[in-house]
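Residue-level listing of the chains:
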2 protein chains.
Amino acid sequence: MYGDRVRNPALLDRIVCADDAAMLIRDGMTVGMSGFTRAGEAKAVPMALAARARQSPLSITLITGASLGNDLDKTLAEAHVLARRLPFQSDPALRKAINAGEVMFVDQHLSETVELLRTRQLGPIDVAVIEAVAITEQGGIVPTTSVGNSATFSILAEKVIIEINLSQSDMLEGLHDIYIPTHRPTRMPIPVVAPESRVGLPFIPIDPDKIAAIVITEKLDSSSTILPPDDETRAIAGHLSEFLEHEVKAGRLTNSLQPLQAGIGTIANAVLHGLIETPFHNLKMYSEVLQDSTFDLFDAGKLDFASGSSITLSAEKYRSVMPDFARYKSRLILRPQEISNHPEVVRRLGIICINTALEFDLYGNVNSTHVAGTQMMNGIGGSGDFARNGYLSIFVTKATAKDGRISSVVPMASHVDHNEHDVDILVTEFGLADLRGLAPRERAPLIIANCAHPDYRDELADYFRRAVARGGHTPHVLEEALSWHVRLKETGSMR
Amino acid sequence: MYGDRVRNPALLDRIVCADDAAMLIRDGMTVGMSGFTRAGEAKAVPMALAARARQSPLSITLITGASLGNDLDKTLAEAHVLARRLPFQSDPALRKAINAGEVMFVDQHLSETVELLRTRQLGPIDVAVIEAVAITEQGGIVPTTSVGNSATFSILAEKVIIEINLSQSDMLEGLHDIYIPTHRPTRMPIPVVAPESRVGLPFIPIDPDKIAAIVITEKLDSSSTILPPDDETRAIAGHLSEFLEHEVKAGRLTNSLQPLQAGIGTIANAVLHGLIETPFHNLKMYSEVLQDSTFDLFDAGKLDFASGSSITLSAEKYRSVMPDFARYKSRLILRPQEISNHPEVVRRLGIICINTALEFDLYGNVNSTHVAGTQMMNGIGGSGDFARNGYLSIFVTKATAKDGRISSVVPMASHVDHNEHDVDILVTEFGLADLRGLAPRERAPLIIANCAHPDYRDELADYFRRAVARGGHTPHVLEEALSWHVRLKETGSMR
Ligand SMILES: CC(C)(COP(=O)(O)OP(=O)(O)OC[C@H]1O[C@@H](n2cnc3c(N)ncnc32)[C@H](O)[C@@H]1OP(=O)(O)O)[C@@H](O)C(=O)NCCC(=O)NCCS
Ligand SMILES: CC(C)(COP(=O)(O)OP(=O)(O)OC[C@H]1O[C@@H](n2cnc3c(N)ncnc32)[C@H](O)[C@@H]1OP(=O)(O)O)[C@@H](O)C(=O)NCCC(=O)NCCS
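The rules behind these values
Residues numbered from 1 in each chain as written. Chains lettered and ligands numbered in written order. Predicted model: local features only at pLDDT ≥ 70, side-chain atom pairs only at ≥ 80, totals over all residues. Heavy atoms only, no water. Phe/Tyr/Trp six-rings, centres within 6.5 Å; stacked < 30°, edge-to-face > 60°. Helix = DSSP H or I, 4+ residues; strand = E, 2+ residues; numbered from the N terminus. Buried < 20%, exposed > 50% of the residue type's maximum accessible area, 1.4 Å probe, protein only. Least-squares fit on C-alpha atoms with pLDDT ≥ 70 in both. Contact = heavy atoms within 4.5 Å. Near = heavy atom within 4 Å. Polar contact = N/O pair within 3.5 Å; in protein donor to acceptor, adjacent residues only side chain to side chain. Areas by Shrake-Rupley, 256 points an atom, 1.4 Å probe, with all protein chains shown as cover. Nonpolar A, V, L, I, M, F, W, Y, C, P; charged D, E, K, R; others polar. Pairing = 2+ DSSP bridges. UniProt positions renumbered as here; feature names shortened; annotations may be inferred. Salt bridge = Lys/Arg side-chain N within 4 Å of Asp/Glu carboxyl O.

**Observations concerning the packing of aromatic side chains**
Residue and element names in this part refer to chain B. Overall, the coordinates contain 10 aromatic pairs over all chains when judged by the stated rule. Taking the centre distance of 6.0 Å and the plane angle of 65° together, the rings of phenylalanine 295 and phenylalanine 298 count as edge-to-face. With phenylalanine 295 and phenylalanine 298 both in helix H9 (residues 292-299) and three residues apart, this pair spans about one turn of that helix. According to the relative accessible area criterion, phenylalanine 295 is buried, its value standing at 0%. Where tyrosine 456 meets tryptophan 484, the ring centres are 5.7 Å apart and the plane angle is 35°; that geometry is what we call tilted. With tyrosine 456 in helix H16 (residues 454-470) and tryptophan 484 in helix H17 (residues 483-491), this residue pair connects regions lying 28 residues apart in the sequence.

**So, the relation of the copies chain A and chain B**
Note on the copies: chain A fits chain B at an RMSD of 0.0 Å, the axial shift is 0.0 Å, and the rotation between them is 180°. The transformation relating the two chain copies, once decomposed into turn and shift, fits a two-fold axis. Relative to the rotation axis, the C-alpha of glutamate 344 of chain A is the closest in chain A, positioned 2.0 Å from it. When the interface residues of chain A are mapped onto chain B, 100% of them again lie at the interface, so the same face is used by both copies.

**Brief notes about the site of ligand 1**
Residue and element names in this part refer to chain A. Neighbouring ligand 1 are 23 residues; Glu288, Leu358, Met377, Asn378 and Lys402 lie closest to it. Between ligand 1 and leucine 358, the relevant distance is 2.9 Å, taken from a nitrogen atom to a main-chain nitrogen or oxygen of the residue. Take asparagine 378: an N or O atom from its side chain is 2.6 Å from an oxygen atom of ligand 1. Compared with its free state, where it exposes 960 Å², ligand 1 has 78% of that area covered by protein. Elements that contribute at least two residues to the shell around ligand 1 include exactly helix H8 (266-274) and strand S15 (352-356). Grouping the amino acids of the shell around ligand 1 by side-chain chemistry returns nine nonpolar, 11 polar and three charged.

**Focus on the sheet that holds strand S23 (residues 409-410) of chain A**
Residues and elements named next belong to chain A. Ordered in space as S17-S16-S23, the three strands form an open sheet in which the pairing is mixed. Taken across any chain shown, the strands that pair with only one partner, and hence form the sheet edges, are strand S17 (366-367) and S23. Looking at chain direction, strand S16 (residues 359-361) and S23 are connected through two bridges and run parallel. From the neighbouring strand, aspartate 361 faces S23, where its bridge partner is valine 410.

**Details of the UniProt feature "binding site: CoA" (unreviewed entry) in chain A**
Residue and element names in this part refer to chain A. Following the UniProt record, one finds the feature "binding site: CoA" (unreviewed entry) at Asn378, Gly382 and Lys402. In summary, the annotated positions, distributed over 25 residues, remain apart in three dimensions as well, the widest C-alpha pair reaching 25.4 Å. You can see asparagine 378 is positioned in the loop between strand S19 (375-376) and helix H14 (383-389). Overall, the relative accessible area of 16% leaves asparagine 378 in the buried class. Residues in contact with asparagine 378, not counting those within four places in the same chain, are Phe88, Gln89, Ser90, Arg95, Phe105, Ile264 and Thr369. Looking at the secondary structure, you find lysine 402 in the loop between strand S21 (400-401) and strand S22 (406-407).

**Side note on the side chain of serine 67 of chain A**
Residues and elements named next belong to chain A. Mapped onto the secondary structure, serine 67 falls in the loop between strand S2 (60-63) and helix H3 (72-78). Owing to a relative accessible area of 4%, serine 67 belongs among the buried residues under this scheme. Apart from the residues lying within four places of it in its own chain, the contact partners of serine 67 are Gly35, Phe36, Thr37, Arg38, Phe88, Gln89 and Ser90.

**Concerning the site of ligand 2**
Residue and element names in this part refer to chain B. Around ligand 2 sit 23 residues in total, of which Glu288, Leu358, Met377, Asn378 and Lys402 are the nearest. Here leucine 358 contributes a backbone N or O atom positioned 2.8 Å from a nitrogen atom of ligand 2. Relative to its unbound accessible area of 950 Å², ligand 2 is 78% covered by the protein chains. Those elements giving two or more residues to the shell around ligand 2 turn out to be helix H8 (266-274) and strand S15 (352-356). Tallied by class, residues from the shell around ligand 2 come to nine nonpolar, 11 polar and three charged.

**Section: the pattern of salt bridges**
Scanning the entire structure with this criterion turns up 69 salt bridges over all chains. Between arginine 118 of chain A and glutamate 115 of chain A there is a salt bridge, with its nearest N and O atoms 3.2 Å apart. Here glutamate 115 of chain A and arginine 118 of chain A lie together in helix H5 (residues 113-118), a separation of three residues that amounts to about one turn. Taken individually, arginine 118 of chain A and glutamate 115 of chain A each receive the classification buried, so the pair is uniform in this respect. The salt bridge involving glutamate 115 of chain A is made with arginine 347 of chain B; its shortest N-O contact spans 2.8 Å. You can see glutamate 115 of chain A sitting in helix H5 and its partner arginine 347 of chain B sitting in helix H13 (residues 343-349), one on each of two chains. We classify arginine 347 of chain B as buried; its relative accessible area is 2%.

Structure representation (structure tokens):
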């Protein structure tokens with residue numbers, strides 16, 4: 001039994017139940033788990049761990065690729081298993097614990113975590129828990145719907161627990177490209193020179209002796225929670241497509257554009273989806289998470305190739321894509337998030353990066369993480385890896401949130417994840433501001449006129465006028481710079 | 001005459017006076033000039049241009065490598081020649097014009113400007129003005145004490161003016177390594193794999209027909225304005241050396257550390273100088289500007305190799321180094337700033353990056369550019385290229401400025417150039433805060449205790465306590481977050 005999934009016969013007798021495997025994880029340990037944007041996370045062992053913690057309390061440092069599905073972060077947070085969590089999450093219950101100071105959350109660029117582990121600036125990893133499609137004859141681990149940080153976790157961990165997930169299609173084998181950069185300071189160039197470059201192995205190579213337990217599961221990945229395009233996201237997509245067409249006309253881009261990256265969430269997905277209606281063709285993606293829109297673009301004949309670190313689909317898309325996976329597989333690669341997001345590769349390929357902002361200010365500083373400067377939403381994720389190094393760094397957002405009570409365009413960003421040096425283009429449903437080559441004083445009028453919601457334009461313009469009267473390269477009325485956020489806190493609205 | 005400097009005989013009759021050469025620059029043009037941290041700037045033509053502008057007004061977009069010496073930015077600004085200036089400056093008069101909104105300053109990562117020019121997102125460059133030691137037989141340009149953006153300016157410009165500077169030693173020939181990345185999306189890896197990698201040509205290869213004028217000059221580079229180490233900078237250096245020794249003891253670094261980068265200015269210079277008194281040896285630098293300390297470290301037998309984009313020395317150091325340049329030359333390379341600062345190379349080599357902050361906040365967000373959030377100081381320079389991608393990202397500053405009236409540790413940074421994701425270590429004369437792997441709430445007490453000036457500690461601790469009471473991942477009392485800066489503006493002091 002399971003011989004096609006656990007192909008090294010010596011490993012078959014390490015198959016245990018999740019509770020037993022979870023016993024390898026002890027209080028105070030640092031644990032690396034697979035999982036990236038709700039795809040390919042270990043599912044059974046963390047659940048068993050949470051169940052045990054409810055009886056006898058324990059807490060760990062949990063490092064993953066990115067966010068987990070199946071309410072795992074919620075379950076672990078509520079069982080008080082998480083003393084420390086990195087590098088990303090997107091769960092409301094965990095978010096609450098983080099903002100209450102109960103879980104120490106370390107918000108990192110997604111390409112960086114493994115560099116810190118490898119140089120022992122973080123860690124060491126005591127146990128890795130990795131979901132796999134199969135274990136090869138030599139003990140190589142074949143990941144499922146995400147690679148994330150799984151390769152480095154497995155390589156560095158003292159012990160590895162594998163969850164063989166029978167619900168994950170064995171068609172996934174051969175999809176992954178596992179390349180681990182060499183040690184510094186004698187590292188060689190990362191040989192990825194195109195989204196379709198295959199430079200590594202289709203499995204994670206580790207010493208099979210480290211595999212301490214194997215658990216058989218069959219729980220599905222959670223579906224993505226993105227919403228379908230609406231009028232506003234369609235308008236955002238429209239402005240962006242128009243801008244890109246303008247760049248083609250100006251001779252700066254061809255109709256195949258440059259490789260595309262699109263961030264997580266509804267808006268980024270809608271923007272990519274919007275490319276179906278454009279003259280662009282033979283597109284390629286070099287991104288992080290591949291969402292529904294990637295497959296929509298394949299189906300529309302627009303996309304030639306997509307490289308990512310995970311595949312996260314809506315329930316409906318999953319049902320149409322997975323049975324037909326052979327049709328897509330030769331045009332897909334999943335890589336470690338260190339490589340999908342690597343500054344070296346992002347800069348080399350000249351990626352067009354599209355990420356979502358919570359808010360941005362008059363001068364183009366972007367907040368992706370902190371509501372009102374203090375409350376963590378999800379984390380910076382890969383947005384910094386891409387935005388700093390891309391050919392074009394684009395941030396999209398709806399002009400308002402919470403039924404118009406919050407303006408996404410504010411006098412001063414209440415937290416800065418991407419500063420004015422890193423942001424080229426801002427888009428809301430009202431329009432697009434092209435900030436390239438502009439000084440702060442030139443940016444503000446453009447952002448107010450093109451991006452802000454009409455209800456907030458006059459007050460923004462008034463702020464800017466009074467700020468300019470005080471002078472400075474980046475004019476501000478300091479005592480009012482955060483007053484919109486203060487008002488929101490006090491009255492529930494920025495109006 | 002000048003046949004040893006202008007070795008292509010066909011070019012000899014293009015030698016003209018600076019006034020005539022400057023006539024090639026017309027109102028409204030975009031001009032690229034050599035010059036990086038007061039080294040190797042074109043000297044005669046911009047002066048002639050300023051003189052002309054005083055008679056008949058004209059204004060241009062001026063792009064350089066970084067800051068210019070010989071009061072050029074001052075002279076050009078005062079003659080109202082500068083409509084637009086990028087990507088860096090450090091001149092008090094120009095700064096004043098920028099902050100008054102008279103000059104549109106575009107503050108950029110120093111590795112990025114030429115990417116924007118190459119893809120025509122900026123530019124085009126009408127005229128390049130490049131200081132050179134010599135022009136080769138084939139028309140290749142041999143730069144002087146800096147490379148900066150000179151190579152790409154020359155390659156992209158419609159016309160090139162060369163200033164042959166007779167005061168620049170012909171010993172400089174052979175020092176430069178000119179490598180230009182290929183076009184995207186088909187770019188190949190940049191082959192630099194060590195500070196000593198030579199991957200390009202010792203001259204800038206251009207079509208000699210583009211050389212429209214040659215001017216002979218002999219004005220010296222300006223000396224650097226750095227101050228000698230004082231008690232405080234010595235204390236900063238001491239804390240940092242102690243930290244690095246601790247990293248060696250922990251087995252995370254060897255006594256040769258990782259390649260070093262140190263930012264501009266007095267403090268960074270003092271910190272590097274401080275390494276003379278440590279057990280470290282066989283060090284290498286992969287930096288931007290090579291200051292006095294680089295040569296002090298060579299002389300002390302501590303440094304094996306240094307790669308940079310310019311050499312900027314004090315008058316005294318210049319007098320001792322230049323006559324003896326042969327002794328250093330084989331251990332030095334000057335590269336285009338795109339390569340000295342390239343995220344790909346910085347990440348690959350695993351650089352230890354030491355840059356200076358104006359201020360930082362309780363959570364490790366760093367302001368390098370804007371006094372009180374509004375007034376431009378110099379620009380971000382290369383600090384972002386390095387800090388985002390290095391092995392260790394260290395920011396140093398004195399704990400107070402202006403005789404203690406300004407605390408460099410503030411509740412919230414008034415402008416964010418490097419955010420909490422990019423900052424590992426903070427150092428002032430009082431001590432060092434190691435932020436690696438810490439959540440914001442863990443960072444604050446460490447920064448207050450180790451880095452803040454004792455006079456400000458209680459008030460910072462009080463702010464933090466009240467902020468935590470309100471909750472949030474990154475707690476703030478929003479309506480007070482910038483109150484220290486407001487107080488400074490109103491009373492002249494943060495006390
Ligand atoms: C910024 C981010 C939170 C937006 O998420 P999204 O789902 O695309 O966008 P939405 O507009 O639906 O916003 C999500 C929530 O934030 C709220 N929000 C949006 N702007 C806000 C603002 N300025 N202030 C407060 N809340 C805001 C929305 O109301 C919504 O709340 P809800 O969950 O209660 O409905 C998300 O993109 C993110 O986490 N980004 C950072 C990481 C990243 O960029 N990764 C991509 C790299 S590959
Ligand atoms: C930040 C920076 C301005 C510090 O310069 P420095 O010469 O090393 O440091 P100093 O302490 O002498 O400070 C310079 C000036 O800023 C003032 N200053 C320092 N901290 C300040 C603060 N928090 N608020 C207001 N002014 C401050 C000092 O008083 C001094 O003023 P002065 O010129 O009137 O004497 C400089 O390093 C810089 O421009 N950095 C950004 C670019 C960069 O990092 N490049 C390196 C990449 S290679």
